[in-house]
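# A closer look at the structure
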Amino acid sequence: MGLWSLHEDKPTPPQVYNWKIYFYSAVAAFGAFLYGYDSAFIGGTLALASFKEEFGINAKNSAKLSANIVSTYQAGAFFGALLSFPFCERFGRKWTILLAGGVFTLGACLHLISNSSTGLAGIYVGRAIGGLGVGAVSLVVPIYIAEISPPAIRGRLVGLYEALLQIGGLLGFWINYAVSTTMSPSKTQWTIPIAIQIIPGGLVVILGVFLVESPRWLRSKGRIEQAERTLSTIRNLPQDHIYLVEENAALDDQLAYERAKTHGGNLIARLKEIALPGIRNRFTIAFMLFLFQNATGINAINYYSPTVFRSIGITGTNTGLLTTGVFGCVKNVCTYIWLLFLIDRLGRRLLLLIGAAGASFCMLYIGGYIAIGKPEQQSGITSGGISAVAFIYIWTAFYGPTFNGTPWVIAAELFPQHTRTLIQSLLSASQWIWQFVIARATPYMFESMGYGVYLFFGCFTFLAFWYVWFFVPETKGRSLEDMDRLFGFKSSAPGTPDLERRSVRDEPVKDGLSSIDSKEKDERLE
């Protein structure tokens with residue numbers, strides 16, 4: 001099998017892997033660009049002398065104001081992930097993406113109100129409102145892509161979310177470097193990185209108009225004919241093709257099973273179901289993966305990269321922004337390798353194990369260098385400091401293709417249809433809580449802990465390795481409807497369809513396409 005070979009749950013007509021599935025996934029994933037750009041540009045903007053002068057930021061108040069500015073965004077995103085849940089359930093995935101883009105654009109515009117006369121109020125409000133939009137994006141985009149994707153390429157399609165996030169981050173890092181090196185300190189210098197947010201926010205709204213609604217969501221709402229037409233469009237197959245007949249039959253079985261399991265699927269029943277065997281283990285796995293994703297130290301570097309590089313001996317604003325830009329380039333390249341070659345080839349579990357082992361060692365090395373080499377006492381960067389910079393980039397090479405996007409892929413594919421949106425809302429909110437904690441704590445951690453910051457992140461990443469080793473199974477190549485079998489979610493309600501029975505998808509025939517006459521199957525696959 002080559003790098004581009006597909007791990008299919010059953011023989012799949014080649015028409016399924018058509019340009020439309022990539023187009024819809026890429027358009028939806030563009031919402032992640034908003035998240036990526038903000039996470040990258042804000043740290044560099046806070047480091048600009050013009051920004052500090054405009055708002056009176058100095059050594060005495062820098063840690064407090066930086067933490068406030070950065071974490072306001074995470075607080076907004078936390079509530080955005082929760083509040084967008086009922087909208088996403090009632091009005092669908094497409095309209096939630098459009099709403100998220102509009103809210104983010106409004107927040108980006110409000111940033112521009114701030115100046116030396118009005119203070120930081122506009123930035124605080126704008127970041128909170130923009131966070132609401134990004135929180136909604138983090139809920140709906142992975143769900144939407146997972147629901148429209150064929151199993152064999154679901155990992156790389158959901159991974160587009162991470163790829164667009166990294167492209168946004170790369171632009172954010174280098175925009176700051178560009179304005180720092182080519183413009184004299186002024187209000188325009190720090191306004192440009194902030195104003196650029198308006199462009200991707202507007203594009204999400206414009207491009208989102210061309211999306212189709214999720215067929216799984218449509219079917220769960222009883223809009224059967226529209227669901228079948230939409231699925232036919234996405235798969236590029238006629239509605240009566242056996243592949244679509246089986247996909248729709250499997251989804252109908254799953255929906256009937258879930259409704260019986262929760263006696264109608266109301267909100268209280270769904271919340272109770274999270275505690276049931278077969279669901280709670282999935283929720284715990286995804287919850288812990290998001291905790292470990294943030295505990296690796298990624299958002300400390302994303303939001304405070306100039307501070308990180310200064311701690312190992314890099315001095316000067318421009319030099320710090322340059323090394324930060326290189327960090328963004330390395331992270332982008334590694335993310336594309338993950339997306340194109342690894343996630344659907346090596347799977348989820350092995351990638352997480354490799355990433356945790358390598359990233360943990362790198363963080364411990366950097367912490368050890370700072371403890372022994374004491375770069376703050378050196379007049380310039382030493383050879384040990386250069387090696388520490390190299391290990392930050394090596395750390396990125398381990399983190400980028402593993403923990404960067406894999407938890408999002410796993411969270412998007414684990415859960416049943418009727419609980420998927422609710423659980424993704426809770427998980428996205430938890431991810432923003434961890435980001436909030438890191439954003440608030442990092443400036444103070446560097447002030448009080450020094451090299452201990454890196455040891456802290458290294459030890460947490462080491463724990464992540466053992467958690468994945470003992471508790472995280474492989475989900476590569478499985479259909480969304482197969483996850484109940486994998487995690488042991490069994491019916492206890494009377495009259496519930498038995499998913500363990502031999503269904504159309506489970507007939508033990510060589511081509512996996514049910515017990516239809518062999519000749520007819522061959523004709524319908526052509």
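Report on the accompanying structure.

Calculation notes
- Residues numbered from 1 in each chain as written.
- Predicted model: local features only at pLDDT ≥ 70, side-chain atom pairs only at ≥ 80, totals over all residues.
- Heavy atoms only, no water.
- Core = buried A, V, L, I, M, F, W, Y, C linked by side-chain atoms within 4.5 Å.
- Buried < 20%, exposed > 50% of the residue type's maximum accessible area, 1.4 Å probe, protein only.
- Contact = heavy atoms within 4.5 Å.
- Salt bridge = Lys/Arg side-chain N within 4 Å of Asp/Glu carboxyl O.
- Helix = DSSP H or I, 4+ residues; strand = E, 2+ residues; numbered from the N terminus.
- Expected span 1.5 Å × (residues − 1).
- Patch = residues over 30% accessible without salt bridge, like charges linked within 9 Å, V, L, I, M, F, W, Y side chains within 5 Å.
- Areas by Shrake-Rupley, 256 points an atom, 1.4 Å probe, with all protein chains shown as cover.
- Axes fitted to C-alpha atoms, helices over the stretch in contact; angles between N-to-C directions.
- Parallel < 35°, antiparallel > 145°, perpendicular 65-115°, else oblique.
- Left-handed = near helix turned anticlockwise from the far one by under 90°.
- Nonpolar A, V, L, I, M, F, W, Y, C, P; charged D, E, K, R; others polar.

## Observations regarding the nonpolar core
Of all hydrophobic cores here, the largest spans 130 residues; its most connected members are Phe51, Tyr144, Ile312, Phe327, Trp395 and Phe403. Residue contacts for Trp395: discarding those within four places in its chain leaves Thr296, Gly297, Ile298, Ile301, Phe327, Ala359, Cys362 and Met363. Leu231, Leu237, Tyr243 and Leu244 belong to the second largest nonpolar core, which has 5 residues in total.

## Overview of the pattern of salt bridges
What the rule picks out here adds up to 8 salt bridges. Across the pair Glu89 and Arg93 runs a salt bridge whose closest N-O atoms are separated by 3.4 Å. Taking relative accessible area as the criterion, Glu89 reaches 10% and is therefore assigned buried. Using a relative accessible area of 0% as the deciding quantity, one classes Arg93 as buried. Of the charged contacts, one joins Glu413 and Arg154 as a salt bridge, the two residues approaching to 2.9 Å between their closest N and O atoms. Highlighted residues: Glu413 in helix H19 (residues 406–413) and Arg154 in helix H7 (residues 154–182), separated in sequence by 259 residues. Glu413 gets classed as buried once you look at its relative accessible area, which sits at 0%. Judged by its relative accessible area of 1%, Arg154 is buried.

## With respect to helix H6 (residues 121–148)
The end-to-end C-alpha separation of H6 is 41 Å, in line with the 40 Å expected for 28 residues at 1.5 Å each. Burial runs high along H6: 22 of the 28 residues are buried.

## A few points about a nonpolar patch on the surface
A surface patch of nonpolar side chains, about 740 Å² in accessible area, is lined by Trp19, Phe23, Ile199, Leu203, Ile206, Val209 and Phe210. At the level of secondary structure, the elements contributing two or more residues to the nonpolar patch comprise helix H1 (19–29) and helix H9 (198–208). By relative accessible area, Leu203 is classed as partly exposed at 34%.

## Some words on the packing of helix H17 (residues 348–373) against helix H18 (residues 383–399)
Packing of H17 against H18 leaves a shortest axis separation of 9 Å and a crossing angle of 160°. The angle between H17 and H18 falls in the class roughly antiparallel. Considering how the two elements wind past one another, H17 and H18 form a crossing that is left-handed. Between H17 and H18, the residues in contact are Ile354, Gly355, Gly358, Ala359, Phe361, Cys362, Met363, Tyr365, Ile366 and Tyr369 and Gly384, Gly385, Ser387, Ala388, Phe391, Ile392, Ile394, Trp395 and Phe398, respectively. Tallied by class, residues from the contact of H17 with H18 come to 14 nonpolar, 5 polar and no charged.

## Looking at the packing of helix H2 (residues 31–47) against H6
Running from N to C, H2 and H6 point in directions that differ by 135°, and their axes come no closer than 8 Å. Between H2 and H6, the crossing angle belongs to the class labelled oblique. Like other packed secondary-structure pairs, H2 and H6 cross with a definite hand, here left-handed. Between H2, through Gly31, Ala32, Leu34, Tyr35, Asp38 and Ile42, and H6, the contact on the second element is made entirely by Arg127, Val134 and Val137. Residue composition of the contact of H2 with H6, by class: 6 nonpolar, 1 polar and 2 charged.

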